[in-house]
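# Architecture and fold: a report
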Amino acid sequence: MEALASRSIYSLRRHVEGQNREIYEIFIPIFVGDDYEGTLVVAKTTDEADTLAHTAMILSIIIGAVVFSSIIYIMISNYRHNKRLATLAYKDALTGLPNKAHLEQMLDHIRVRPFQDKRAILMIHGRSISAINSTYGLDVGDRVIKEVAKRLEAFVAEGSQLFRFADDRFVVFVDNYRSKEELRSLAERILAALEPPVSIVGRPIEICIGVVESEPGLGAMEALSQASMVIHHLEQGHGDIKYAFFDARIEEKLRREEIIALEMQEFLDQPHLGTFHLEYQPKVDLASNSIVGFEALSRMTSPTLGRVSPPEFISIAERQEMIIPFGYWVLEAACQFIKRIGQQGHSQLYVAVNISVAQLLQKDFLRKVGEIVAKAGIDPHNLQLEITESVLIEDFDEIRAKLQPLKDLGLTIALDDFGTGYSALSRMGELPV
């Protein structure tokens, strides 16, 4: 009645006595002009509205559950995807070990921490793994690498980690070691563990180890570069030494090699620089005590280092794959010398030039020698090619096949350093020397 008396729109819900239902009523006053004529009452049960509300509530719960489930699924999928990416980025697919990227990240992270504990890395290089890949195939090579990784895992203790650094290299990171002797012991135990032959190929893996003790502020790239320097040093052949620590002496030696290699390459590109020249050692006939020829000897005067010995720069040329172009330069310079002494009336003299095995085994060696001799305009009989006995170890039959066309061209062939290797004297008669 109060709603009617108020003469304003009013609504309410009320329970119907004796029935389990509610009615929703709206009271709307009716005016004609300014005169109040009565109130319009609109009533409707709430069953339909309650049903709609209930349905809406269920739908909202379902939609909410679907949305929530979708969010959870997306989060889990992203987590798994990121985990797979992390695995690809930081794990080696073949061995399952942490890889080079993981190692570099860890070393750089450790670098910024306070330097308290002693830290070191041991880079383990499988010298013969590449040869195994070439001989037995990549599948066998992969199985060998897995076997090496399995043996190395035995040395991973608390504070140490094993990484697959490259195709034929592993790294053991050692944290909180006590002394250098402890690292020496670890290196020797690793060598001993890898000494037994790998069953699949029936031969041991040739190993060398570069050890670097970390210093405050030493970055990942520097430490790994130093370890690689030690391995490079060991690979040059230093007796039975299988492991070594990085020190200033090794660094200085390798920097020197870099300078020599760079200056040799610059000379080969620009011979007028004069970094290399030939000296001619006379060959004397002891019966007549007269000069019968010369041996061309290459000499290096480095703008940076001064005089460099032939064994040093020749071995660098061989490792840096410059020995072939360098050998042709020597041959050309010697032929020009033959031409000069011939013009001075010494056409009976010859000049001997050392030829490397790599040069001799080139497919176009005969053609190149013929072109150089023709360009110089000399008699081929005035040129002698010297090969060392070690050349014969490569392939006796192939070397013999290479030498005969050179002799047919008119050159003479000499065998140098006989008796220093394993050649049989009885086979010398088979060579055109």
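What you see is a predicted model; the values in this text were computed from it and never measured.

### With respect to the overall build of the protein
When helices and strands are tallied, the protein shows 14 helices and 14 strands. The burial tally for the protein puts 36% of its 433 residues in the buried class. Long-range pairs, those at least 24 residues apart, make up 63% of the contacts in the protein with a sequence separation of at least 6. As presented, the protein carries roughly 25300 Å² of accessible surface, and 54% of it is formed by carbon and sulfur atoms.

### Some words on the pairing of strand β9 (residues 276–285)
Where β9 meets strand β10 (residues 290–302), 10 bridges bridge the pair, whose relative direction is antiparallel. Note that in β10 the partner of Val 284 across the bridge is Ile 291. The antiparallel hairpin formed by β9 and β10 contains four residues in its connecting segment, where Asn 289 sits at a positive phi of about 60°.

### A word on helix α7 (residues 220–235)
For α7, spanning 16 residues, the distance from its first C-alpha to its last is 23 Å, which sits close to the expected 22 Å at 1.5 Å a residue. Among all positions in α7, only Ala 220, Ala 223, Leu 224, Gln 226, Ala 227, Met 229, Val 230, Ile 231, His 233 and Leu 234 are buried.

### Quick look at the packing of aromatic side chains
Applying the stated criterion across every chain yields a total of nine aromatic pairs. With centroids separated by 5.0 Å and ring planes inclined at 85°, the aromatic side chains of Phe 267 and Trp 329 adopt a geometry described as edge-to-face. Placement of Phe 267 in helix α8 (residues 248–269) and of Trp 329 in helix α10 (residues 323–343) is noted, with a sequence separation of 62 residues between them. Note on accessibility: Phe 267 and Trp 329 belong to one class, buried. The aromatic ring of Phe 245 is capped on one face by Lys 180, whose charged end is 4.8 Å from the ring centroid. Directly above the aromatic system of Tyr 328 lies the positively charged group of Lys 368, at a separation of 4.9 Å from the ring centroid.

### Observations concerning the nonpolar core
Grouped together as the largest cluster of nonpolar side chains are 48 residues, with contacts concentrated most on Val 353, Leu 383 and Leu 385. Ranked by residues supplied to this core, first place goes to α10 with 11 residues. Setting aside its immediate chain neighbours within four residues, Val 353 contacts Ala 296, Val 330, Leu 331, Ala 334, Leu 383, Gln 384, Leu 385 and Glu 386. Membership of the second largest hydrophobic core comes to 32 residues, among which are Ile 145, Val 148, Val 174 and Leu 191.

### Details of the sheet that holds strand β6 (residues 169–175)
The five strands lie next to each other as β5-β6-β4-β7-β8, forming an open sheet whose pairing is mixed. Looking at strand neighbours, the two that pair on one side only are β5 (160–166) and β8 (243–245), the edges of this open sheet. Put simply, the sheet's adjacent strands are angled 20° from each other on average, direction ignored. Pairing of β5 with β6 involves six bridges; the strand directions are antiparallel. When the sheet's bridge partners are listed, Gln 161 is paired in β6 with Phe 173.

### Some details on the side chain of Asn 382
One can find Asn 382 in the loop between α12 (365–376) and β13 (383–388). Taking relative accessible area as the criterion, Asn 382 reaches 12% and is therefore assigned buried. A polar contact is formed between the side chain of Asn 382 and the backbone oxygen of Ser 347, at a distance of 2.8 Å. In this view, Asn 382 contacts Ile 338, Ser 347, Gln 348, Leu 349, Tyr 350 and Val 351; residues no more than four positions away in its chain are not counted.

### Points about unusual backbone geometry
Within the chain, Asn 289 stands out as a residue other than glycine whose phi angle is a positive 60°. Within the fold, Asn 289 resides in the loop between β9 and β10. On the basis of relative accessible area, Asn 289 is assigned to the exposed category, the value being 64%.

### Details of the pattern of salt bridges
Overall, the coordinates contain 18 salt bridges when judged by the stated rule. Taking the shortest distance from any N to any O, the salt bridge between Glu 147 and Arg 151 comes out at 3.0 Å. Of this pair, Glu 147 and Arg 151 both sit in helix α5 (residues 138–153), four residues apart, which is roughly one turn of that helix. For Arg 151, a relative accessible area of 17% corresponds to the buried category. The structure contains a network of salt bridges with shared partners spanning Glu 251, Arg 255 and Glu 258.

### Observations regarding a nonpolar patch on the surface
A cluster of nonpolar side chains, namely Ile 58, Leu 59, Ile 62, Ile 63, Val 66, Val 67, Phe 68, Ile 71, Ile 72, Met 75 and Ile 76, defines an oily patch on the protein surface of about 990 Å² accessible area. Position of Val 66 among the secondary structure elements: in helix α2 (residues 47–90).

### A look at the pairing of strand β7 (residues 207–213)
The element β7 is extensively covered by neighbouring structure, given that six of its seven residues are classed as buried. Pairing analysis gives seven bridges linking strand β4 (residues 119–126) to β7, with the strands arranged antiparallel. Looking across to β7, one finds that Ile 124 is bridged to Ile 209.

### As for the side chain of Thr 275
Of note, Thr 275 is situated in the loop between α8 and β9. Contacts of Thr 275, omitting those with residues within four sequence positions, involve Phe 267, Arg 299, Met 300, Thr 301, Ser 302 and Pro 303.

### Concerning the packing of α10 against α12
Two quantities define a packed helix pair, namely the angle between the helix axes and the distance between the axes. It is the contact of α10 with α12, at a shortest axis distance of 9 Å, that shows an interaxial angle of 30°. Regarding the angle of α10 to α12, the classification is roughly parallel. Where α10 crosses over α12, the two elements pack in a sense that is right-handed. Each of Tyr 328, Leu 331, Glu 332, Cys 335, Gln 336 and Lys 339 in α10 lies in contact with α12, whose residues at this interface are Phe 365, Lys 368, Val 369, Ile 372, Val 373 and Ala 376.

What counts and how
Residues numbered from 1 in each chain as written. Predicted model: local features only at pLDDT ≥ 70, side-chain atom pairs only at ≥ 80, totals over all residues. Heavy atoms only, no water. Helix = DSSP H or I, 4+ residues; strand = E, 2+ residues; numbered from the N terminus. Buried < 20%, exposed > 50% of the residue type's maximum accessible area, 1.4 Å probe, protein only. Contact = heavy atoms within 4.5 Å. Areas by Shrake-Rupley, 256 points an atom, 1.4 Å probe, with all protein chains shown as cover. Pairing = 2+ DSSP bridges. Expected span 1.5 Å × (residues − 1). Phe/Tyr/Trp six-rings, centres within 6.5 Å; stacked < 30°, edge-to-face > 60°. Lys NZ or Arg CZ within 6 Å of the ring centre and 35° of its normal. Core = buried A, V, L, I, M, F, W, Y, C linked by side-chain atoms within 4.5 Å. Axes fitted to C-alpha atoms, helices over the stretch in contact; angles between N-to-C directions. Polar contact = N/O pair within 3.5 Å; in protein donor to acceptor, adjacent residues only side chain to side chain. Salt bridge = Lys/Arg side-chain N within 4 Å of Asp/Glu carboxyl O. Patch = residues over 30% accessible without salt bridge, like charges linked within 9 Å, V, L, I, M, F, W, Y side chains within 5 Å. Parallel < 35°, antiparallel > 145°, perpendicular 65-115°, else oblique. Left-handed = near helix turned anticlockwise from the far one by under 90°.

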